[in-house]
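The chain contents come next:
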Amino acid sequence: MSKKGLKLSLAESCTGGMISSIITSISGSSLFFLGSAVTYSNESKEKVLGVSHDTLTIYGAVSSETSIEMAKGSLKIYGSDIAASVTGISGPSGGTKEKPVGTVWIAVTDGVTVVSYENHFKGSRDKIRKQSVDALLTHIIEMIENR
């Protein structure tokens, strides 16, 4: 990101700030990382990121639609070049037949292109959260490489 002069922002739900923590552990990350909104509740997704109440009601917090609106909201509030979001069910409770534990949606946008990815991770709560971090970072790198 630094080499390309790009700025990054995030919107995290199920990872609760883990991605921000990993990024800020890198010396010099302040050159490209603007910040992250940890929006764990639906209310904060709406108030902080501008996720539509209708989106949350119709599709739920764990959906492509919500992940996209979260990423777009992060891009807007931080004024970044690239924004990414993650929302999912880390467990051990909270899963349903339609959205079992381990269902995680990730979205990445540069303001022109928006992509979202459905993931089905396995393992403990901690393992699901770590897999979410790895996947999100991979998708950010893909977006950077395609610019």
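Residues numbered from 1 in each chain as written. Predicted model: local features only at pLDDT ≥ 70, side-chain atom pairs only at ≥ 80, totals over all residues. Heavy atoms only, no water.

Colleague: Is there a simple way to think about the overall build of the chain in this case?
Modeller: Across its full length, the chain carries five helices and five strands. Helices and strands in the chain line up, N terminus first, as β-α-β-α-α-α-β-β-β-α. Against the compact-globule benchmark of 15 Å for 147 residues, the chain has a radius of gyration of 14 Å, which places it among compact chains. By principal-axis analysis of the C-alpha atoms, the chain measures approximately 45 × 30 × 25 Å. Counting the 147 residues in the chain, one finds 49% classified as buried. Within the chain, contacts between residues separated by at least 24 positions form 61% of all contacts whose residues are at least 6 apart in sequence. Of the accessible surface of the chain, which amounts to about 7,300 Å², a share of 54% is contributed by carbon and sulfur atoms. Positive and negative side-chain charges of the chain, numbering 15 and 14 respectively, have mean locations separated by a distance of 4 Å. (Helix = DSSP H or I, 4+ residues; strand = E, 2+ residues; numbered from the N terminus. Rg over C-alpha atoms; globule rule 2.2 N^0.38 Å. Buried < 20%, exposed > 50% of the residue type's maximum accessible area, 1.4 Å probe, protein only. Contact = heavy atoms within 4.5 Å. Areas by Shrake-Rupley, 256 points an atom, 1.4 Å probe, with all protein chains shown as cover. Lys, Arg positive; Asp, Glu negative; His and termini not counted. Charge placed at Lys NZ, Arg CZ, Asp CG, Glu CD.)

Colleague: I would appreciate a short explanation of the nonpolar core in the present structure.
Modeller: As a rule of thumb, nonpolar side chains are buried together in soluble globular proteins. Ranked by internal contacts, the top residues of the largest apolar core, which has 24 residues, are Leu8, Leu10, Ile82 and Leu136. Elements that contribute at least two residues to this core include exactly strand S1 (8-12), helix H1 (18-24), strand S3 (82-88), strand S4 (103-109) and helix H5 (125-145). At seven residues, H5 tops the list of elements feeding residues into this core. When residues no more than four places from it in sequence are discounted, the contact partners of Leu136 are Leu10, Ile19, Ala84, Ser85, Val86 and Ile106. The next biggest cluster of nonpolar side chains, apart from the first, holds seven residues, and it includes Ala11, Ala37, Leu49 and Leu56. (Core = buried A, V, L, I, M, F, W, Y, C linked by side-chain atoms within 4.5 Å.)

Colleague: Looking at this model, I keep getting lost on helix H2 (residues 42-49). Mind explaining?
Modeller: The α-helix advances 3.6 residues per turn, and as a result positions three or four apart in sequence lie on the same side. If you check which residues of H2 are buried, you get Ser44, Lys45 and Leu49. Down the axis of H2, the smallest arc covering the buried residues is 105°, so these residues share one side. The secondary structure elements touched by the buried residues of H2 are S1, strand S2 (33-38), helix H3 (53-59), helix H4 (64-78) and S3. (Arc of directions from axis to C-beta.)

Colleague: How should the sheet that holds strand S5 (residues 114-120) be read in this particular structure?
Modeller: Strand pairs in the sheet, formed through backbone hydrogen bonds, run parallel or antiparallel to each other. Strand order in the open sheet formed by five strands is S2-S1-S3-S4-S5, and the pairing between neighbours is mixed. Looking along the sheet, the strands with just one partner apiece sit at the ends: S2 and S5. The mean angle between the axes of side-by-side strands here comes to 15°, regardless of whether they run parallel or antiparallel. Note that S4 and S5 share seven bridges and pair antiparallel. Looking across to S5, one finds that Thr103 is bridged to His120. Running over the sheet, H4 touches S1, S2, S3, S4 and S5 and is turned about 140° from S3. (Pairing = 2+ DSSP bridges. Axes fitted to C-alpha atoms, helices over the stretch in contact; angles between N-to-C directions.)

Colleague: Is there a simple way to think about the environment of Lys72 in this case?
Modeller: Structurally, Lys72 is set in helix H4. When the C-alpha positions of Lys72 and Ser85 are compared, they lie 8.7 Å apart, and in sequence the two are 13 residues distant. Residues contacting Lys72, with those up to four places away along its chain left out, are Thr109 and Val114.

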